[in-house]
Structure formats: structure tokens, C-alpha cells
Amino acid sequence: MQISVVNSRFCHQIASFPSSTFHSHRFSKRISGNGTWVRERTRLYVKSSSNSEAKTDESSQKPSSNNSSSSFLSFLCPLLKVFSGGDPSQQRNHALEVATSSLASVARLPWGSRVSTRSIDNQDVSSNPPLRLQLFEFEACPFCRRVREAMTELDLSVEVYPCPKGSLRHRELVRRSGGKEMFPFLVDPNTETLMYESGDIVNYLFKQYGNGRGPSTGLLESTLFTGWMPTLLRAGRGMSLWDKASTDLPPKMLELFSYENNPYSRLVREALCELELPYVLHNIGEGSTRMISLLNASGSYKVPFLVDPNTGVQLGDYQKILAYLFKTYSSAASA
């Protein structure tokens, strides 16, 4: 028997799946008509669309570093919240914000700042899959960060579905599949692949879109040592859902020009995660093939740059972006 999940707050069907319990860790899938992803052996369905959601089960997954990180983050989350400065929509000490985010960037140098040479040389092969990848993650997670760094190096644009603690949308489907959650989770409609485990995802991305090149030196190994630094320095920003976030899903996905290790872009991604707003992430690291697109859209090469097709707003200053996001997508604004 299949169950259709309809959330009245979102006014559209967000997923369909069978009532049986799933037992899967890593898997591939088949595609049916109308953009619906189907895994027939366990009847796992992931709806693929501009506002798609992923449903997975981790009830039988093997122990992993990602699981350990999830447990640690569960402990760390309330602790860091004490030092995070409270309500993210309120006036901030921007000097402190930029300083801590800049230190976080230094901790992760040189990863997530530029496009790998091989990707630049083979941009038609490695950087432009016909359909966008979909990444379910949350900003503060070091293993999600590892995947985003790889995506910057590979010059990939992806659809990001933030899954903060307290999620009202994206984590709900994960919980219903078996009661456990693990991130990051990748959906690649180009190869009909669904995948957990950040290390596996990074290796897959480079194999599929790096024209045979492996991950840059230290990208995988360094996560266990310095991958936590941005989370700690930013006091857990981008980890939990803002309690005043709107429950209404925007009709169209926002778009963000960014690259992983940019300190100003990090602040905006944190806000998008805390608001649980799905968005298209246009990675624009040094050497990106999208530099001209950014120039045409914003008149400069600076990031972050936000485009909201729901309101027609385009902003390039991170402080203005933060103010706009928390004002436009608060529960008060949608009331």
C-alpha cells in the first residue's frame, strides 16, 4: 500500500511512499514518468521537482562518522545556542559576525574556494549536468560542508533543501521513513542515484563530474580535524530552525550565487537554513564558468548575490540579504 503525504500548510503533495518499513543505507533508483524517482525493491519514492522532498530510511544503516557527528551535534546544538547571540533576525554585531566567519574560512583553507583545474579544463564535461543535483543538508554540519566544498571545486549548481534541527518540512519525510535521520543526502537525477555518507558522495561527485579526477588533497581527511571549526566559531548558526520562520513554502526556489568558503556567503546560507528555505546554489568559486552569469545579473563578481523570483528582489549586500530574508519569510509576514 502506498501513502501519499500531503501537508495542508504547503498545499501540495510532497512525497508518496509505501507503509512498509524500509531498510536501506545506500542505493540507486529508477526513474518513472513525470519526474518521480522510484526505488522498486523497497518501494522508496522521492518526488523530484522544483520543490522536491527526499524520503529515506536509515533504520538499518551501518555505524559511520556521520552518525557520530549527528549524536555529537545533538549534544552540541543546545550548548552552542547559548553563545549564538539569540534571535538571528535581531540586530547583530556585524564586526563580530564577519570576524568569526572569516576565521571559519581560514580554518578550511584551501578547500571550497576555487574550481579545480581539471574542472576548468573540462567544463563542458564536469560542470554542466543536464539536471541539477539535489542536496539535503544543514549549514552547520561539518560533513555537509565537506560535500559543499567538493561542489564548489567541481563548479556544480545544486538545489539545496536545508534540514535544520526542528525542521518543519524536509526532515519530516526522513523521520517517517524509519525514524532516523542522517545528512548529507544526495539525489542525482542524471544517474538515478540516491546516496548517504559524505565521503561516498564526494568520491561519487568527482568520479561522475570531475572527469576522472579525485578529491583535492586533504579535502576528505581534514574534515575530522578542522571541519568542526566553522561550526564552533559560528556558535552553531545554521543548525536550528528559527522559531519565527514562516511555515509557508515559497512557490519558487530562491537562488544564491556563492562559494563555500566565502565568509559573507556563509552568513546568508546560515539564514536560509534557519528559515528552511530551499534554494538553488550557484557555486561561483575562483575560476567558475558562471562568472559571466553573475556579472550579468549583479553587475559585479562579488558574492553573495541573492535572487528571489517570488518577489523580484535581487540583493548583493549580505546585511541587506539577512534583513530581507528574516523580514520576508517570518511567520509574521505570512500571517
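Residues numbered from 1 in each chain as written. Predicted model: local features only at pLDDT ≥ 70, side-chain atom pairs only at ≥ 80, totals over all residues. Heavy atoms only, no water.

1. A few points about the side chain of S105
Among the structural elements, S105 can be located in helix 2 (residues 94-107). Residue classification places S105 among the buried positions, given a relative accessible area of 7%. Reaching out from S105, the side chain makes a polar contact with the backbone oxygen of N261 at a distance of 2.7 Å. (Helix = DSSP H or I, 4+ residues; strand = E, 2+ residues; numbered from the N terminus. Buried < 20%, exposed > 50% of the residue type's maximum accessible area, 1.4 Å probe, protein only. Polar contact = N/O pair within 3.5 Å; in protein donor to acceptor, adjacent residues only side chain to side chain.)

2. Re the pattern of salt bridges
This model, assessed by the stated rule, comprises 12 salt bridges. Close ionic contact of R108 with E149 constitutes a salt bridge, the shortest N to O distance being 2.8 Å. Note that R108 is positioned in the loop between helix 2 and helix 3 (117-121) and E149 in helix 5 (residues 142-153), a separation of 41 residues in sequence. For the pair shown, R108 and E149 are each scored as buried. One salt bridge connects D155 with R290, and the closest N-O pair in it is separated by 2.9 Å. You can see D155 sitting in the loop between helix 5 and strand 8 (157-162) and its partner R290 sitting in the loop between strand 12 (279-283) and helix 11 (291-298), a full 135 residues away along the chain. (Salt bridge = Lys/Arg side-chain N within 4 Å of Asp/Glu carboxyl O.)

3. As for the side chain of T223
For T223, the position within the fold is in helix 8 (residues 223-226). Side-chain polar atoms of T223 contact the side chain of R146, separated by 3.1 Å. In this structure, T223 is in contact with R108, P142, F143, R146 and W228, ignoring residues within four places of it in sequence. (Contact = heavy atoms within 4.5 Å.)

4. Structural notes on the packing of aromatic side chains
Enumeration over the complete set of coordinates arrives at 7 aromatic pairs. Relative to F185, the ring of F136 has its centre 5.9 Å away and its plane inclined at 55°; by these criteria the two rings are tilted. Taken together, the positions of F136 in strand 7 (residues 133-137) and F185 in strand 9 (residues 185-188) put the pair 49 residues apart, joining distant regions of the chain. For the pair F136 and F185, one class covers both residues: buried. Relative to F305, the ring of F257 has its centre 6.1 Å away and its plane inclined at 50°; by these criteria the two rings are tilted. Of this pair, F257 sits in strand 11 (residues 254-258) while F305 sits in strand 13 (residues 305-308); the two residues are 48 residues apart in sequence, bridging distant segments of the chain. Relative accessible area serves as the criterion here: at 7%, F257 is assigned to the buried category. F305 gets classed as buried once you look at its relative accessible area, which sits at 6%. Through a chain of ring-to-ring contacts, the aromatic side chains of F136, Y161, F185 and Y196 assemble into a single cluster. (Phe/Tyr/Trp six-rings, centres within 6.5 Å; stacked < 30°, edge-to-face > 60°.)

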